[in-house]
Structure formats: C-alpha cells, structure tokens
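# Residue-level structural notes
One letter stands for each residue in the lines below.
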Amino acid sequence: MKKFDFIIIGSGQAGIPLAFSLSKKGKVALIEKSLVGGTCVNNGCVPTKAYVASARRMWDSMHGEEMGIEIPAGAKANIEKIKARKDNLVNGSREGIEKSIAENDNITLYRGEAHFLSNYEIAVNEDKITAKQIFINVGARAAIPEEYAHVDYLTNINILGLTKLPEHLLIIGGSYIGLEFGQMFKRFGSKVTIIERGDRLISREDKNVSETVAEIMQSEEIEIKFNAKEINLSQDTNGISVKINGEEKEIKGSHVLLAIGRSPNTDTLHLENTTIEFDKKKGYITVDDYCKTNVEGVFAVGDCNGNGGFTHTSYNDFQIVENYILGDKKRKISDRITTYGLFIDPPLGRVGMTKAEAKKKGFDILIAHRPMDKVARAKEKGEIKGFMEAIIDAKTNQFLGACILGVGGDEIISGITNLMYAKQPYTVFRDAVHIHPTVSELIPTMLENLKPITKE
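A brief report on the enclosed structure follows. (Residues numbered from 1 in each chain as written. Predicted model: local features only at pLDDT ≥ 70, side-chain atom pairs only at ≥ 80, totals over all residues. Heavy atoms only, no water.)

## Digging into the state of the cysteines
For clarity, the threshold we go by: Cysteine sulfur pairs qualify as disulfides if the two atoms are within 2.5 Å.
Taken as a whole and assessed by the stated rule, the structure comprises zero disulfides. Unpaired in terms of disulfides, Cys-291 finds its nearest cysteine sulfur in Cys-304, a separation of 9.2 Å.

## What to know about the environment of Arg-336
Convention followed: Strands are runs of DSSP state E lasting at least 2 residues, helices are runs of H or I lasting at least 4, and numbering of each runs from the N terminus. Only protein chains enter the area calculation, which uses a 1.4 Å probe; residues under 20% of their type maximum are buried, those over 50% are exposed, and those in between are partly exposed. Contact criterion: two residues are considered in contact whenever any of their non-hydrogen atoms come within 4.5 Å of each other. Counting of polar contacts relies on pairs of N or O atoms within 3.5 Å, with two restrictions inside protein: one atom must be capable of donating a hydrogen and the other of accepting it, and residues adjacent in sequence are counted only when both atoms are side-chain atoms.
In this fold, Arg-336 is placed in the loop between α7 (311-326) and β19 (339-342). The class for Arg-336 is buried, based on a relative accessible area of 17%. Those residues in contact with Arg-336, other than ones at most four positions away along the chain, are Asn-307, Thr-313, Asn-316, Asp-317, Ile-320 and Tyr-421. A polar contact is formed between the side chain of Arg-336 and the backbone oxygen of Asn-307, at a distance of 2.4 Å. Engagement of the side chain of Arg-336 in a polar contact is seen with the side chain of Asn-316, the distance being 3.0 Å.

## Digging into the packing of aromatic side chains
Selection rule: Only the six-membered ring of Trp is used, alongside the rings of Phe and Tyr, when aromatic pairs are assigned; centres must lie within 6.5 Å, and planes under 30 degrees apart are stacked while those over 60 apart are edge-to-face, with the rest tilted. Both a distance and an angle decide whether a charge sits over a ring: NZ of Lys or CZ of Arg must be within 6 Å of the ring centre and within 35 degrees of the ring normal.
Applying the stated rule across the entire model yields eleven aromatic pairs. Judged by centre distance (6.1 Å) and plane angle (85°), the ring pair of Phe-4 and Tyr-110 falls under edge-to-face. Remark: Tyr-110 occurs in strand β4 (residues 107-111) and Phe-4 occurs in the loop between β1 (2-3) and β2 (6-9); sequence separation between them is 106 residues. Members of the aromatic cluster, connected to one another through ring pairs, are Phe-6, Phe-135, Tyr-290, Phe-299 and Tyr-324. Between Lys-280 and the ring centre of Phe-278, over which it is positioned, the NZ or CZ distance is 4.8 Å. The ring of Tyr-324 carries the charged tip of Lys-329 above its face, separated from the ring centre by 4.9 Å.

## Observations regarding the sheet that holds strand β7 (residues 127-130)
Paired through backbone hydrogen bonds, the strands of a sheet run either parallel or antiparallel to each other. Cut-off, in case you're wondering: Strand pairing is assigned whenever DSSP detects at least two bridges linking the two strands.
The four strands lie next to each other as β1-β7-β6-β5, forming an open sheet whose pairing is mixed. With partners counted over all chains shown, the strands left at the sheet margins are β1 and β5 (114-116), one partner each. Summarising the sheet, β1 and β7 pair through two bridges and their orientation is parallel. Residue Lys-2 lies in a different strand from β7, and its bridge partner there is Ile-129.

## Side note on the pairing of strand β21 (residues 365-371)
Where a strand is regular, its side chains alternate between the two sheet faces. The pairing of β21 with strand β22 (residues 387-393) spans seven bridges and is antiparallel. Across the sheet, Leu-366 pairs through a bridge with Ile-392, a residue of β22. Here two bridges tie β21 to strand β24 (residues 451-452), and the two strands are oriented antiparallel to one another. Paired with Ile-367 across the strands is Lys-451, a residue of β24.

## Notes on the nonpolar core
Looking at soluble globular proteins, one finds that nonpolar side chains tend to be buried together. Note the threshold: Working definition of a nonpolar core: buried Ala, Val, Leu, Ile, Met, Phe, Trp, Tyr and Cys residues. They are joined through side-chain atoms within 4.5 Å.
Ile-7, Ile-9, Ile-31, Phe-116, Ile-122 and Ile-136 are the most contacted members of the largest nonpolar core, which totals 47 residues. Once residues lying within four places of it in the same chain are set aside, the contact partners of Ile-136 are Ile-9, Phe-116, Leu-269, Ile-276, Ile-285, Val-298, Phe-299, Ala-300, Val-301 and Cys-304. One finds Leu-160, Leu-162, Leu-257 and Leu-342 within the second-largest nonpolar core, a separate group that totals 38 residues.

## Concerning the sheet that holds strand β18 (residues 298-300)
Put simply, the rule reads: To obtain an axis, a line is fitted to C-alpha atoms, over the contacting stretch when the element is a helix, and the angle between two such axes runs from 0 to 180 degrees between their N-to-C directions.
If you trace the five strands from one edge of the open sheet to the other, you get β4-β3-β2-β8-β18, paired in parallel fashion. Both outer strands of the open sheet, β4 and β18, are each paired with one neighbouring strand and no more. Going across the sheet, the axis of each strand differs from the next one's by a mean of 15°, ignoring polarity. As judged from the four bridges shared by β2 and strand β3 (residues 28-32), these two strands associate in the parallel manner.

## Thoughts on the packing of helix α1 (residues 15-22) against α7
Basically, it comes down to this: For this classification, under 35 degrees means roughly parallel, over 145 means roughly antiparallel, 65 to 115 means roughly perpendicular, and everything else is oblique. Rotating anticlockwise by less than a right angle from the far helix to the near helix defines a left-handed crossing, while the corresponding clockwise rotation defines a right-handed one. Side-chain classes are defined by residue name, with Ala, Val, Leu, Ile, Met, Phe, Trp, Tyr, Cys and Pro counting as nonpolar, Asp, Glu, Lys and Arg as charged, and the others, Gly among them, as polar.
Orientation of α1 relative to α7, taken along the N-to-C sense of each, is 25°, at an axis distance of 9 Å. When the axis of α1 is compared with that of α7, the two are roughly parallel. Along this stretch, α1 crosses α7, giving a crossing that reads as right-handed. Two secondary-structure elements touch here, α1 through Pro-17, Leu-18 and Ser-21 and α7 through Tyr-315, Phe-318, Val-321, Glu-322 and Leu-326. The class makeup of the residues in the contact of α1 with α7 is six nonpolar, one polar and one charged.

## Topic: the pairing of β2
Let me state the cut-off plainly: The path from the first strand over the helix to the second decides the hand: if it runs clockwise while the strands point away from the viewer, the crossover is right-handed.
Side-chain alternation along β2 places Phe-6 and Ile-8 on one buried face and Ile-7 and Ile-9 on a second face that is also buried. The parallel pair β2 and β3 is bridged by α1, and the resulting crossover is right-handed. When β2 meets strand β8 (residues 133-136), the two strands line up parallel, connected through four bridges. When the sheet's bridge partners are listed, Phe-6 is paired in β8 with Gln-133.

## So, the packing of helix α3 (residues 45-62) against helix α5 (residues 176-188)
Between α3 and α5, the least distance of the axes is 9 Å, while the angle of their chain directions is 40°. Regarding the angle of α3 to α5, the classification is oblique. Pair α3 / α5 crosses with left-handed handedness. For the pair α3 and α5, the contacting residues are Thr-48, Lys-49, Tyr-51, Val-52, Ser-54, Ala-55, Arg-56, Met-58 and Trp-59 in the first and Glu-180, Phe-181, Met-184, Phe-185, Arg-187 and Phe-188 in the second.

## Description of the environment of Leu-179
By the secondary structure assignment, Leu-179 is in helix α5. Residues Leu-179 and Val-46, spaced 133 residues apart in sequence, show a C-alpha to C-alpha distance of 17 Å. Excluding residues that lie within four positions of it along the chain, Leu-179 makes contacts with Gly-174, Ile-194, Leu-201, Ile-202, Val-213, Met-217, Leu-342 and Ile-344.

Shown next, in the form of structure tokens:
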C-alpha cells in the first residue's frame, strides 16, 4: 500500500487546480480513468463553444442581406473542418494540463478507475494507495433511461465526434444541452426536432424566458414538440423513429440525441466499501458547506456533490476546499449565488432567483423589464430578439436576480452579479455612468421603471 498525503479522484475543474495547490504541501496522487481535464475541456465548454462559434459564422453568412452585405449564395458547413478546429482547441488545452502535471515532481498521475477499498484506501488498476485526505471529483454523465438504451443514441460526448451532418437530428429534452446542440446543428444544415416532456422549454426559468427561447428556436425553423409524456423510440435500417403519446404518426430521423439530464459518476467508486454517505437513488455524495463528507478528511467537489453542476461552481468548490485546508475557512457553498448561461444565440445570462423562486420565498418584489428591440445598440447590431429583466427586493432595494436574454447577455450579467455579491442596492447600477453606445447602458434606464409583479 503506497502512502500519499493527498489523493484526488478525477481531473476536472476542481481536481486539477487542487492537485497543483496541494502539491506545494505534499505528495499528491491524481487518478483519471478517461481524459485529463474533465468534462469542460474534453466534451463540455471548450468543444461546444467552438461549435457555437462556427454555427454563428454560418448564421452570419446567411443573414448579410438585411445588413446591406451581399454574400454570394452557397455557404456550407464543413463538419470535418469544424470538428478539426474543435479538436485542436481541446487537444491544446488537455496537453497543456498533462505537461504541467508531468513537470510537477509532487504529482503522480494514475490512469485508471478508482475503487474504494475502505474510507482511506483506494485501488486503481493493480495499485493500492492510501491518504488521510481524499478528494472525489468524478463529475457526471448524460442520463440514459433504460427505455432508450436499445437504439443507437447520441450524447453530448459522441455527437462531437460526428464527421457527417445528421440529415434529421431528433433531440429528446428541451433544456440547456438540447437547445445548444439543436441550434448549432440546425445552422450547420441539419433538420432538427426537439421533443420535450413538459409544456415549455427550460422549465427552471420563468415562463417569459421559456416562451422567448422557444420563439428564437422556432424562428430558425427548429420544430418543437411539447407535452411528450410518452416517448417511444425505435430503429431500423432507415434510421430512428419516435412515437409521441401513443399517436400513430411517427417522426422519422437519422440520429437521436438524448439530452434528458445528468447522473453523477459515483456508481463505479465502490462507495459501499466505505461509510461515505450519498443519495443512493440519485448518486450524489452528501457534503456540508465546505464540501466535506461525513468521513473526516474526505471531500466531494464538482458535479458529484449535487451543489452546482457547472464548471464555475466546480472551480468554486476547489476554492472553498483550498480555503478550508490552507486558509481561514471562510468560503462556503451557501455564500454562492446561482449564476449560469444558456449559450444559444442570442445567449441567456442568469443570476440569482427567478420571479417564481422569489415569489415562492415570500419576497415583496419589483420588476424592471426592457425588450431588446428597445435597446439602440441591439437594433444597430440587427439583433433585437430577447429582453432584459431584473428582480428587486422592495424592502432592501437589492437585486434578488436578473436575466439578460439577448445579444451579449452572457457577458453583461456579470455587472449585476458583482453588485449582488457586494450586497449593494440596484441604485448603484441605476445611477452609474455607462459607455454609450452599448447594450448594458440601457440597464440603468430599465431600473428607472420598477413595477410591481404581474401575473404571467
């Protein structure tokens, strides 16, 4: 049994920086069963945003006329070149991480699947290692219901390996992953149908956000099927067929993408050999405010602890753990403000609560709202879809949440995020002088017109 000071299982957005930080204090064993860098680098943020950028170029090539630009007909997406560009970006990121690990004498990289033998003992391949402090960073994967396992399905991983465009891409699930892939492949040239069990897209969002996102998708001739309570898939030599709610008519496609949800990769760890507490139904490892499990010295960070599910929350888990071990123990999960993006075009930037969440928690709220077609810079850019909206606590004048669905929304939202962390009133933003002409300069104007909430 080889002894280390620290063992890290998984090389994602929490595991990698933690390995380098702890390597300054002792010997680190880093275990990775797949590709170094985790989801974000290999099949998440880096590759998908590269595809989003290519899809945007395709969109630009098809919309020159309305801006006075005459673009000769015949623009075509070359999926092999798009994939090659993506692969180059991914490989560059991963190789950089691998090089840094190799150059660090205090980090030993084990390539294989980690199995717990006890609370502090782990087997990986033929090796057995132990440490008094262990960090689980195993991430999550696409959830695959048993009823769909009999067809040749795509996930967010293998769809990025396609070298031929799907003729008709069927997507099961109308949330973040499904919407991003749906729009990009429609722009590349595929026919796309999104099939959603609920009565609207991205159900965690407010109704007006869901409806506007649906309008954006449908404006690009993406078909959406709502209320698909019963979805039956079948496959033959001609491709994939889906029957919805028992209807006779089938929708035929060439490929199907399952974008239903995510499941933590904890099922291979052999946690039954430990006393580590976890949700036996969902698989998430139970942690406290500092990412600590019930076993002293064992932490769970990133997607597998069920407290985020984003790259930025995984990295923040690293910051919390580093601060707990090496700092003043003041950083906590409960201090984190929810924020994320939906990277369709135009994008959605979200921070804090939705209107529904604020109402449910009993806040007396005021709403600021402005359509993007009332924003001069958006009109000048020719990108007027969407809106900006902020939720204000009427008693404290502080932001409870905000969303910007429109051009630049994924970047602009950070201004409100910073004020929320600073616990400053909305008047700070309202009364500031902003650059003209920009999209964000209309947020102060929007904040001058707060209104009580009305029913949607």
